[in-house]
Structure formats: structure tokens, C-alpha cells
Amino acid sequence: MSKMLSVENLSISFRTDEGVITPVKGVSFTVEKGRTLGLVGESGSGKSISTKALMQLLPGTARLGAASRMIYTAKDGQQISLGNLRHGSKELRRIRGGEIGMIFQEPMASFSPVYTIGNQMMEAIMLHRGLKKREARQFAIGMLNKVGISNAAARVDQYPHELSGGMRQRAMIALTLSAGPALLIADEPTTALDVTIQAQVLDLMRDLQRELGMGMIFITHDLGVIAQIADDVAVMYLGTIVERGPAKEVIRNPQHPYTQGLLDAIPSLDHLHDRLKPVPGDIPSPTARPGGCPFHTRCTQAIAGTCEVHEPPETSAIPGCAVRCWLHTSQGRSAA
Amino acid sequence: MSKHKDTLIEVRDLSVHFPIKTRKLFKTEVQMLRAVDGVSFDIKRGETVGLVGESGSGKTTVGRAILRAIDPTDGEVIFHRKKKGGIDLAHASEAELRKVRSKLNMAFGESGGGIKVHNLADDLLRAFRPEMSLVFQDPYSSLNPRMTVRDIIAEPLIASGKYKNREKVDARVREIAARCKLNLEHLRRFPHAFSGGQRQRICIARALVSKPKFVVCDESVSALDVSIQAEIVNLLKDLQEETGVSFLFIAHDLSVVAQMSHRVAVLYVGKLVEYAPTEKLFFAPKHPYTHALLSAIPSADPDAGFDPIRLQGEIPNPLAAPSGCRFHTRCPFARDRCSAEQPEWREIEPDHFVACHYAKEFNFSRS
């Protein structure tokens, strides 16, 4: 399997009125062709902005850390450093949509309300596939059919508000895929949908990925969704990946206290009468990021004198998995 | 419906229709959107009833109609008092009402009978408000940014007019705030200083400060992260145990509803399709729609199979609801009778209500 995206040491900071905040700090991950990486974390953990940095979609106040590396291998085998692309350059325009596609959470907000679905799809198709208008229309209808929209030939001339939520999200997927991306970033694509529609969309994405051999980054806060769709998973907390590895392994045998806490907090139909186990405390505000291990303020197993002082290194307790926690280092164990 | 002595809220044939106006060239056409159509169920004292359904099924409308935030088009909502007798507020004459208004405590005190919320006059409704309350979904937009937390929590007390004395108000505010894990320092601050979970605790304190008997939680934990969501669910359960309040818990996340509720009702396009105790509903549903809905929950267990039932088509537009059983257009078991005849809302087993012609033939039991 070939690596198509490798992100190393990604740090993002913003200058705000309250000083410089760093919502993403030293994040590294890779995406392989035909595999899905799940990014999980609570709100404010930096999942979305890490992926927006790939497409240079961050607001102007954002600064990337000096050591940040984002290497993308394009369809023609060329290696591109995403951080170095200039705004408005031809290359960046080719990457956006043509190489890396993105699906956002709110399908209503990502379509323009004043153009028909077909119009918006054709624009992307003509730009990235170089087809003529008429061919592009046929192609758009084909894509809508593929994502399971019935009566596509009529739907193509409808406006986004005429479609239901689930259908709009499917149309969004069709639009994104019609540009033929090799890597798909899906940012909470099913969060705003009902469970029945969510199941349909997940099914669809799984099938399309298999068919087209795309790499995929799937951002969600729902570990249930991760368990069903992701091959690998990275758990983020306050801008740091605290644990990563094959999804099944991480969910079955979580090593980091935060991952354990997240899994324990999920209500389960098998334990209807047990009390839920929340992760104690609140997520610290980004302006008051705790020193040392970011999770130490809420961790029940924190080692006094170590966790709040030093940031834990990444260690591998289980082959293929990596965890950032002092409990899994020899130093930490002796201190405890 | 059951006339159990523990019944607190009785909803009978509740309907809410909204007129939808479409302007044509020379005339205005009015269509009726039947958002809620003939819904009947009851809620006992100290019980949590979960209300689930897809978006547009009318969950929120049911909750608001019970609270009379929306006026029901038809049907009855009866709020039962512990002791029978008293004044029938719904049918009292104007002179009687005037007498009652001056003695509101008498009307709503221990001697009050069943109160017909659905046609309570405005000023009586206002006096009745402290008995019922609401917690919203978004803890960011439901708190006034210009009020301190103390003022936010105290507002229902002051609005009720029962508390004239500032010290008494403060004492009650502090009491409920402490129960919701807010300290005195928090009460002086403004909402912007709080995280999502803390804000939702403020909303819960505000809802419970007037000691209501009934609270509607409309997607109250849906916007929260799982770790915080678990904390709020636990808090609501604790408060219920202490005060005996009843909840109508509206949510689209079925596993949270299962955790919270004693009984669960399933809505589909404005009609109830099933109502049963939580375990029966989740492990032995009788309605094909409930079965399909449950199969779509993704499990966090990677070994559990995920094979959701693929329902055909889309949720029907309530403006043009299908004839007969509203689910027949998507039901995998639909027969001719389903499109012709509306299924009856019947008690198929004790405490298990379902609206399906063939419910007895299905066995959807899950291990």
C-alpha cells in the first residue's frame, strides 16, 4: 500500500486578542491509498483545522509552525509540499477539488443557494475533467445516479433547497467525487443527519471508496461511526494526537486514559441500568492549554510531579499502535 | 388511554396543523401541514418518556404543544393533580374565572383537579407555567448573554410572581445551583465564561428552579460531546430521583434515549407508531419502522455487525402524507391493506402500544 499523504509535526497557531493560541500542536499522521483514517475528538480538539490546513483553508490569522511538513503524493506521482503552495496559484487550484476533495458537515451551507445542483457540479467537472458543457451535464447525471439519487435527470436542475437533508448530503458527495479526487476529506459528513440517513450515507461512502480506491480522512466525534467505517484511527485531545493505530485495535484495547474515558462514556444498549461514566471535568479553553500532558487536568490516573510538568513522548505499547501517555513509559511507571 | 392514578400528563388525540400559504398570481392557496396528527400517550409521575423520530417527524411540536408554547389544533392535554375535585378551568364562566384568578393558589393548590392545559386561558396559563418547563438543545443560544447566571436562573421565579422577596429568590437559586454543580462564584458570572456542559447545567437549573412537575428536554444533550453528555444524563437522572419530576426526553440519538427513559414513543411523520417500555421497544419492537430505526445505530463494538435495513425512498412530505399507514411507502412488509386503511393505535400487549395492521405477525426480537 502506498502512502499518499504524510503530515509531520503540524502545528497551527492563531493570533487573537487574548494572545497566541495553539489549537494544533505537533500532529503527525499518514493516509494510505484505499484506506480510511478516522480522526476522533471532542469539539475544540483541532480535528477540523488540521485538515483545513491541508487545503490552505485556514483564516489569515493562522500561522503554521516552522517544523510543519505536509507532503502529498499526487495522482501522477509528483510529491507536493502542501504548506508551500501560494494562495491563488494554479497548483493549489488543481489540488483543491481535483486531488483532495472535501465534504463538510452542513450540506445546506456548502451549496450555493442561487445555482442549481447541476450547475454547481458542472462547474467542477468542466474545471477538473476538461469536459464540454453537454458532456459535463451527462457526467453530473451519472454521478447523481451513482450516489443513489432517484430521477437524477430531473434532480440535476433543482436548487439545493428543494432536496431533503440526506439527499443534499448525497449530492454533495456526488459533487465532490465528480472532480475525481484521490483523497477525500469528510468533516463530520453524517453528524447533522438522522440515523437512518446516516447509515445510508456511510454505506455509500464505503462502497464508493472501494470502487474508486480513494484514500479518506473521516472526521467525527462518534466512535460508533469510526468503528464502522475507519481502518485506522487517531484520537485527538486539545490539538494533540494522544493515541493512534488500527481502529479495531484501538477501540478494543484502548491504551490512553482519554480514549478509555471516551469509550466508557458512550451509552450502550447492553447496559441500560448502569450509570454512565463521564470523563470528569471540562475541556480546558484553548487560551488556557494545560502544560505537560494536556489531559492531566481530567485524567484519573495522572502521576503527580510528572504529567503536569513534562509532555509525554509517543511510545508504542502494542505493535502498530502509538500512544502519548506517561503510564506507558518506563519513567512514568517508576514514578507512579 | 390508561387512567392510572400515577398519571401526570395525559395527551389525547393531539393534533397540530400549520396553515401553509402559497401565493399564486391572483389567489392565495392554503394547505394544511399536519405536523402532529392524533397523538395519544401518557406520562406518569417521576417517569421519563423518550420521544424519538427522524427530523420533521414532529417531536419538537409534540413537546411544545404539551407546554402550550404552540396552541394545539385539536385534542386534549390534561395535567393531573394528585387529589381530584376542584374547578374545571376549561369550562368555567368568565365570572368564575375572575374569581379564580384572584385566588390562583386555590386553583393550582393541593385541591386542584385535572387541569386541561390545551384550553387554559392566557393569564391562567401564565400562573400555571411554573409547573412545566423546557430545556433547549443549544446551550449557547438559549442563555441571554447580558444576564448573570443568577439572574437567568431567578427569572422563572420572578416571572411566576410567587416570590416577592429577594432573599427567598436567592436562597432558592443557590439551592438549585448547588444541585446542578454550580458554585456561588459561578452565579455572578455571565454565560460566555462557561463551557457547553456548564451552560447546559445552567439551563437545567433554570428549568427546575420553580420546582416543576414536568420538564420537556428537547434534544438537550445532542449538542454536547459524549464525555459531557454522560454527565448531563446522570445529573438529570439524579434530579428526577430527588424531586420526582417527569421528563419528556426528545432526542434523535437512540442510545441516549434508551439510557434516559422508562418508556419510549416513536413518531413517524406526525403519528405515533409505537409506545412501549424501553426494554420492550429496543429488544422486541413490533413496528417495522422501529425495527429499521434501531438497526441503523452504529455500534462502537467493531465486532458487532452493522447491517442497517435500507428503507426505500425518503421521508414523506407531511404536506402530502401517504394514505393509510404513513409508513407504507417505505415499509418492506407493506400489503394492499396498508395503503387503504389507517392502522388503529392499539395495546398489543400490556403497556405496549403499536399502530400496525400486522404487528402481531412480526417478531423482531434482538438478542
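Residues numbered from 1 in each chain as written. Chains lettered and ligands numbered in written order. Predicted model: local features only at pLDDT ≥ 70, side-chain atom pairs only at ≥ 80, totals over all residues. Heavy atoms only, no water.

1. Focus on the overall build of chain A
- Scanning chain A for helices and strands turns up 12 helices and 13 strands.
- Whereas a compact globule of 336 residues would reach a radius of gyration of roughly 20 Å, chain A reaches 21 Å, a difference of no more than 12%.
- Projected onto its principal axes, the C-alpha coordinates of chain A cover approximately 70 × 50 × 45 Å.
- A burial count over chain A gives 53% of its 336 residues as buried.
- Pairs at least 24 residues apart make up 63% of the contacts formed inside chain A by residues separated by at least 6 positions.
- Side-chain charges of chain A comprise 35 positive and 31 negative groups, with the mean position of each set lying 7 Å from the other. (Helix = DSSP H or I, 4+ residues; strand = E, 2+ residues; numbered from the N terminus. Rg over C-alpha atoms; globule rule 2.2 N^0.38 Å. Buried < 20%, exposed > 50% of the residue type's maximum accessible area, 1.4 Å probe, protein only. Contact = heavy atoms within 4.5 Å. Lys, Arg positive; Asp, Glu negative; His and termini not counted. Charge placed at Lys NZ, Arg CZ, Asp CG, Glu CD.)

2. Section: the overall build of chain B
- Looking only at helices and strands, one finds 13 helices and 12 strands in chain B.
- A buried classification covers 55% of the 367 residues belonging to chain B.
- As displayed, chain B has an accessible area near 16,500 Å², and 50% of this comes from carbon and sulfur atoms. (Areas by Shrake-Rupley, 256 points an atom, 1.4 Å probe, with all protein chains shown as cover.)

3. Some words on the sheet that holds strand β5 (residues 115-116) of chain B
Residues and elements named next belong to chain B.
- On the basis of which strands lie adjacent, the open sheet formed by four strands has the order β2-β1-β4-β5 and antiparallel pairing. Edge positions in the sheet fall to β2 (28-44) and β5, since each has one partner strand and no second.
- Here 13 bridges tie strand β1 (residues 7-23) to β2, and the two strands are oriented antiparallel to one another. For Leu 14, the partnering residue across the bridge sits in β2 and is Val 39.
- Strand contacts of helix α1 (residues 59-67): β1, β2 and β4 (74-79), with the helix running at about 115 degrees to β1, the strand carrying the most contacts. (Pairing = 2+ DSSP bridges. Axes fitted to C-alpha atoms, helices over the stretch in contact; angles between N-to-C directions.)

4. Notes on the pattern of salt bridges
- The full count for this structure, using the stated rule, is 36 salt bridges over all chains.
- Here Lys 25 of chain A ties to Glu 311 of chain A by a salt bridge, and the two come within 3.7 Å at their closest N and O atoms. You can see Lys 25 of chain A sitting in strand β2 (residues 19-32) and its partner Glu 311 of chain A sitting in the loop between α11 (257-265) and β12 (314-315), a full 286 residues away along the chain.
- Using a relative accessible area of 41% as the deciding quantity, one classes Glu 311 of chain A as partly exposed.
- With its nearest N and O atoms 3.0 Å apart, the salt bridge here joins Arg 206 of chain A to Asp 203 of chain A. Residue Arg 206 of chain A and its partner Asp 203 of chain A are located together in helix α8 (residues 195-212), separated by three residues, close to a single helical turn.
- Several salt bridges converge on common partners, so that one network encompasses Asp 42, Glu 47, Arg 263 and Asp 351 of chain B. (Salt bridge = Lys/Arg side-chain N within 4 Å of Asp/Glu carboxyl O.)

5. Considering the side chain of Thr 240 of chain A
- Position of Thr 240 of chain A relative to the elements: it lies in strand β11 (residues 240-246).
- Once residues lying within four places of it in the same chain are set aside, the contact partners of Thr 240 of chain A are Lys 25, Val 27, Val 235, Arg 289, Pro 294 and Arg 324 of chain A.

6. Looking at unusual backbone geometry
Residue and element names in this part refer to chain B.
- Its identity as a non-glycine residue notwithstanding, Arg 68 has a phi of 60 degrees, on the positive side.
- Locating Arg 68 in the fold gives a position in the loop between α1 and β4.
- Positive phi is not limited to glycine here, since Glu 219 has a value of about 55 degrees.

7. Here's the deal with the UniProt feature "domain: ABC transporter" (unreviewed entry) in chain A
- Those residues carrying the UniProt feature "domain: ABC transporter" (unreviewed entry) are residues 5-263 of chain A in this numbering.
- Segment residues 5-263 of chain A splits into 41% helix and 27% strand. End C-alpha atoms: 28 Å apart. (UniProt positions renumbered as here; feature names shortened; annotations may be inferred.)

8. A few points about the sheet that holds β12 of chain A
All names here are of chain A.
- Spatially, eight strands are ordered β7-β8-β9-β3-β10-β11-β13-β12 in an open sheet, and the strand pairing comes out mixed. Looking at which strands have only one partner, the edges of the open sheet turn out to be β7 (100-103) and β12.
- Summarising the sheet, strand β3 (residues 36-40) and strand β9 (residues 215-220) pair through five bridges and their orientation is parallel. Directly across from Gly 38, in β9, lies its bridge partner Phe 218.

9. Things to note about the environment of Tyr 163 of chain B
- Tracing the sequence through the fold places Tyr 163 of chain B in the loop between α5 (149-160) and α6 (166-179).
- What Tyr 163 of chain B contacts, discounting residues up to four positions off in sequence, is Leu 157, Lys 168, Val 169 and Arg 172 of chain B.

10. A word on the nonpolar core
- One finds Met 121, Leu 144, Ile 173 and Met 205 of chain A together with Ile 153, Ile 204 and Phe 249 of chain B to be the most contacted residues of the largest nonpolar core, which totals 107 residues.
- Within the second largest apolar cluster, 37 residues are counted, among which are Leu 10, Ile 49, Leu 58 and Leu 92 of chain A. (Core = buried A, V, L, I, M, F, W, Y, C linked by side-chain atoms within 4.5 Å.)

11. Focus on α5 of chain B
Residues and elements named next belong to chain B.
- Listing the buried residues of α5 in full gives Val 149, Arg 150, Ile 152, Ile 153, Ala 154 and Leu 157.
- Summarising the contacts, the buried residues of α5 are in contact with α6, α7 (184-187) and α8 (196-208).
- After α5 finishes, the residue Gly 161 shows a positive phi value of roughly 75 degrees.

12. A closer look at the side chain of Arg 201 of chain B
- Tracing the backbone shows Arg 201 of chain B in helix α8.
- Assessed through its relative accessible area of 7%, Arg 201 of chain B is described here as buried.

13. Thoughts on the confidence of the model for chain B
Residues and elements named next belong to chain B.
- With 89% of its residues at a pLDDT of 70 or more, chain B has an overall mean of 84.
- Below pLDDT 50 for its whole length, residues 84-92 participates in 20 contacts with residues either more than four positions away or in separate chains.
- Note on residues 99-112: pLDDT under 50 across the span, and 31 contacts to partners over four residues away in sequence or across chains. (pLDDT = per-residue confidence, 0-100.)

14. What to know about the interface of chain A and chain B
- Each partner contributes to the interface: chain A provides 43 residues, whereas chain B provides 44 residues.
- Carbon and sulfur atoms make up 54% of the surface buried where chain A meets chain B, a total of about 3,700 Å² over both sides.
- If you look at where chain A meets chain B, you find two salt bridges.
- Here Asp 203 of chain A ties to Arg 310 of chain B by a salt bridge, and the two come within 2.5 Å at their closest N and O atoms.
- Counting every contact that joins chain A to chain B gives 12 residue pairs in polar contact (both at pLDDT 80 or more).
- Every element with two or more residues in the side of chain A that touches chain B is listed here: α7 (165-178), α8, α9 (223-229), α10 (247-252) and α11 of chain A. (Buried area = accessible area lost by both parts, 1.4 Å probe. Polar contact = N/O pair within 3.5 Å; in protein donor to acceptor, adjacent residues only side chain to side chain.)

15. Quick notes on the pairing of β7 of chain A
Residues and elements named next belong to chain A.
- Across the two faces of β7 the burial is the same, with Ile 100 and Met 102 and Gly 101 and Ile 103 all buried.
- One ladder, built from four bridges, connects β7 with strand β8 (residues 183-187); its direction is parallel. Considered in β8, the bridge of Gly 101 is made with Leu 184.

16. A short note on the environment of Leu 281 of chain B
Residues and elements named next belong to chain B.
- Among the structural elements, Leu 281 can be located in helix α11 (residues 278-283).
- Placed 16 residues apart in sequence, Leu 281 and Ala 265 show a C-alpha to C-alpha distance of 8.6 Å.
- Leu 281 has contacts with Val 264, Val 266, Glu 274, Ala 276, Thr 290 and Leu 294, leaving out every residue within four places of it along the chain.

17. Examining the packing of aromatic side chains
Residues and elements named next belong to chain A.
- The full count for this structure, using the stated rule, is 12 aromatic pairs over all chains.
- Between the aromatic rings of Tyr 237 and Phe 295, the centroid separation amounts to 5.1 Å while the plane-to-plane angle is 85 degrees, which identifies the pairing as edge-to-face. Taken together, the residues span a long stretch of sequence, with Tyr 237 in strand β10 (residues 232-237) and Phe 295 in the loop between α11 and β12 at a distance of 58 residues.
- Judged by relative accessible area, which is 2%, Phe 295 ranks as buried. (Phe/Tyr/Trp six-rings, centres within 6.5 Å; stacked < 30°, edge-to-face > 60°.)

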